[in-house]
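As a plain string of letters, each chain reads:
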Amino acid sequence: MASAAEQLASNLNFSAFAKAEELKKRIWFTLGALLVYRFGTYIPLPGINPAAFAQAFSQAQSGVIGMFNMFAGGAVERMAIFALGIMPYISASIIMQLMTTVVPTLEALKKEGEQGRKVINQYTRYGTVLLAIAQSYGIAVGLEGSANVVTDPGWFFRLSAVLSLTGGTMFLMWLGEQITSRGIGNGISLIIFAGIVAGLPTALVSLFELGRQDAIAGWLIPVLLILAIGVIALIVFMERAQRRLLIQYPKRQVGNKMFEGNTSFLPLKLNTAGVIPPIFASSLLLIPATIAGFSAGSGPAWLTTVTTLLGHGQPLYMIFYAAMIVFFCFFYTAIVFSPSETADNLKRHGGFIPGIRPGERTAQFIDHVLTRITVLGAIYITAVCLLPEFLISATGVPFYFGGTSLLIVVSVTMDTVSQIQGHLLAHQYEGLVKKAKLRGKRR
């Protein structure tokens, strides 16, 4: 089966793009929104001494702070109003999805369809505000604890920092929703994608500069680039991998007509959770690392110990990161895919898996297959995210060559290509419908 990229390449021509006015508007809107986001990463937080903060950040960027700075598009190292990025919204979304499985009221809202989804989205926004306020206040207190970073410490600075950082997060949340509805693809993922890609040229320059200064071996640079290409190929292959279950539909009679039975497939993705596990694991690791990173050297001894243990390549960091990735692979898969609902839908429409009784037995079979392929998916994501970390800690290459960044960039690129392909096909179908109507009028 051809991928979205292959289908797009086969159908791609300039005339198709020239006629697809709606698609061009969506592309321009997406590019404009991402440009606004990039401008925002350069607006500094009021009351910060840039030189002193740059020195404090250089001491803290080796830990999870560096990963968070990558997700925020470099806003953390400049302490911009978008320094929190979109992470509070992602955390609130995961928490709300967890609550929908354990709170009967939210579960009922989820089953109400579009109206219930709007209510859950509103609750997610409220949760984003609370998380952003808590994290921004922690950052403000941490900044005040660093020497000469804040020009005028006190409650006025804390209040302005909380308002600025929380407002920046809420603006990014709104911008992501606008990209989703009026642009191309998932707006939240595209914002993270834009932040990572924006730092890629600087990372490449830093890598070649390290080679020029003999800070790393010259032969290591082509090896790293070849390794990155290999990881990208692995990600593309695994993201397209599916386990397809055969579904059969029996003969049925509607009125005086007899419809023949047919067969179809139920596709189960090997990586159902997508890029959510490493992103959410990173956001959870950031909670203790934020305060520890900015207070290292001036706070209690245990804070310095935490900073050291959460450095890249350290055993505690690797163990926690791997454990949370595996956990969220299973957790998010259980949220987005329900074997019971799928089995009920198949039974309602007369479909069945050959050799499996419809109903509960079908749900158990689907759950068994899904669990096995999720194990493979969790191993794949963990390997992609952790194996490059050992190389990063051993060689000191830029963070952008890590597995997490490559996973996000490749996955979002594939999703965006699929969205473009969908809009082009929709435009072609609209053209066929218009031609059919014109022919009907002429006749």
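Each value, and the rule that gives it
Residues numbered from 1 in each chain as written. Predicted model: local features only at pLDDT ≥ 70, side-chain atom pairs only at ≥ 80, totals over all residues. Heavy atoms only, no water. Helix = DSSP H or I, 4+ residues; strand = E, 2+ residues; numbered from the N terminus. Contact = heavy atoms within 4.5 Å. Disulfide = S-S within 2.5 Å. Phe/Tyr/Trp six-rings, centres within 6.5 Å; stacked < 30°, edge-to-face > 60°. Buried < 20%, exposed > 50% of the residue type's maximum accessible area, 1.4 Å probe, protein only. Expected span 1.5 Å × (residues − 1). Polar contact = N/O pair within 3.5 Å; in protein donor to acceptor, adjacent residues only side chain to side chain. Patch = residues over 30% accessible without salt bridge, like charges linked within 9 Å, V, L, I, M, F, W, Y side chains within 5 Å. Areas by Shrake-Rupley, 256 points an atom, 1.4 Å probe, with all protein chains shown as cover. Salt bridge = Lys/Arg side-chain N within 4 Å of Asp/Glu carboxyl O. Axes fitted to C-alpha atoms, helices over the stretch in contact; angles between N-to-C directions. Parallel < 35°, antiparallel > 145°, perpendicular 65-115°, else oblique. Nonpolar A, V, L, I, M, F, W, Y, C, P; charged D, E, K, R; others polar. pLDDT = per-residue confidence, 0-100. Core = buried A, V, L, I, M, F, W, Y, C linked by side-chain atoms within 4.5 Å.

A. Highlighting the overall build of the chain. Within the chain, the regular secondary structure consists of 18 helices and 4 strands. Put simply, 74% of the contacts in the chain that link residues at least 6 apart link residues at least 24 apart.

B. The state of the cysteines, seen in detail. As enumerated under the stated definition, the model contains 0 disulfides in all. Residue cysteine 329 stays outside any disulfide, its sulfur separated by 8.5 Å from that of cysteine 385, the closest cysteine.

C. Spotlight on the side chain of threonine 382. Relative to the helices and strands, threonine 382 resides in helix H17 (residues 360-395). Setting aside residues no more than four positions away along its own chain, threonine 382 makes contact with Ala322, Ile325, Val326 and Leu387.

D. A look at the environment of serine 411. Structurally, serine 411 is set in helix H18 (residues 403-442). Residues serine 411 and isoleucine 232, spaced 179 residues apart in sequence, show a C-alpha to C-alpha distance of 9.6 Å. Beyond its immediate chain neighbours, meaning those up to four positions away, serine 411 contacts Ile235, Glu239 and Val275.

E. Spatial organisation of the packing of aromatic side chains. Across all of its chains, the model carries 7 aromatic pairs by this definition. Between phenylalanine 171 and tryptophan 174, the ring centres sit 5.9 Å apart and the planes meet at 35°, which makes this aromatic pair tilted. With phenylalanine 171 and tryptophan 174 both in helix H9 (residues 155-182), this residue pair falls 3 residues apart, about one helical turn. The exposure class assigned to tryptophan 174 is partly exposed, which follows from its relative accessible area of 44%. Between phenylalanine 327 and phenylalanine 331, the aromatic rings sit 5.8 Å apart at their centres with planes inclined by 5°, giving stacked as the arrangement.

F. Quick peek at helix H10 (residues 187-198). An ideal rise of 1.5 Å per residue puts 16 Å on 12 residues; H10 measures up with 16 Å between its terminal C-alpha atoms. Every buried residue belonging to H10 is among Gly187, Ile188, Leu190, Ile191, Ile192, Ala194, Gly195 and Ile196, and all of these are buried. Sitting at the head of H10, asparagine 186 places a side-chain oxygen 3.2 Å from the backbone nitrogen of isoleucine 188.

G. A nonpolar patch on the surface, seen in detail. On the surface, a cluster of nonpolar side chains totalling about 400 Å² of accessible area is made up of Val326, Phe330, Val375, Leu376 and Ile379. Listing elements by their share of the nonpolar patch, those giving two or more residues are helix H15 (315-336) and H17. Within the secondary structure, valine 326 sits in helix H15.

H. Summary view of the environment of threonine 41. Residue placement: threonine 41 occurs in the loop between helix H3 (21-40) and helix H4 (50-60). The sequence separation of threonine 41 and phenylalanine 82 amounts to 41 residues, and the corresponding C-alpha distance is 5.6 Å.

I. Broad picture of the packing of H9 against H10. At a minimum axis separation of 7 Å, H9 and H10 run at an interaxial angle of 115°. Between H9 and H10, the angle is such that the two are roughly perpendicular. Residues Leu172, Gly176, Ile179 and Thr180 of H9 lie in contact with H10, whose contacting residues are Gly187, Ile188, Leu190 and Ile191. When grouped by side-chain class, the residues that make up the contact of H9 with H10 number 5 nonpolar, 3 polar and no charged.

J. How the structure looks around the confidence of the model for the chain. For the chain, per-residue confidence averages 77 on the pLDDT scale, and 76% of positions sit at 70 or higher. When mean pLDDT is compared element by element in the chain, H9 scores highest at 88, while helix H1 (residues 4-11) scores lowest at 50.

K. The pattern of salt bridges, seen in detail. The tally for this structure, following the rule as stated, stands at 2 salt bridges. Residue arginine 125 pairs with glutamate 177 through a salt bridge whose shortest N-O separation is 3.1 Å. In this pair, arginine 125 is assigned in helix H8 (residues 114-145) and glutamate 177 in helix H9, connecting sequence segments 52 residues apart. Its relative accessible area of 23% is what places arginine 125 among the partly exposed residues.

L. Quick peek at the nonpolar core. Judged by nonpolar contacts, the single largest core of 88 residues is most densely connected at Ile48 and Leu143. Considering each element in turn, this core owes the most residues, 11 residues, to H15. In this view, leucine 143 contacts Leu45, Ile48, Phe53, Met79, Val149, Val150 and Phe157; residues no more than four positions away in its chain are not counted.

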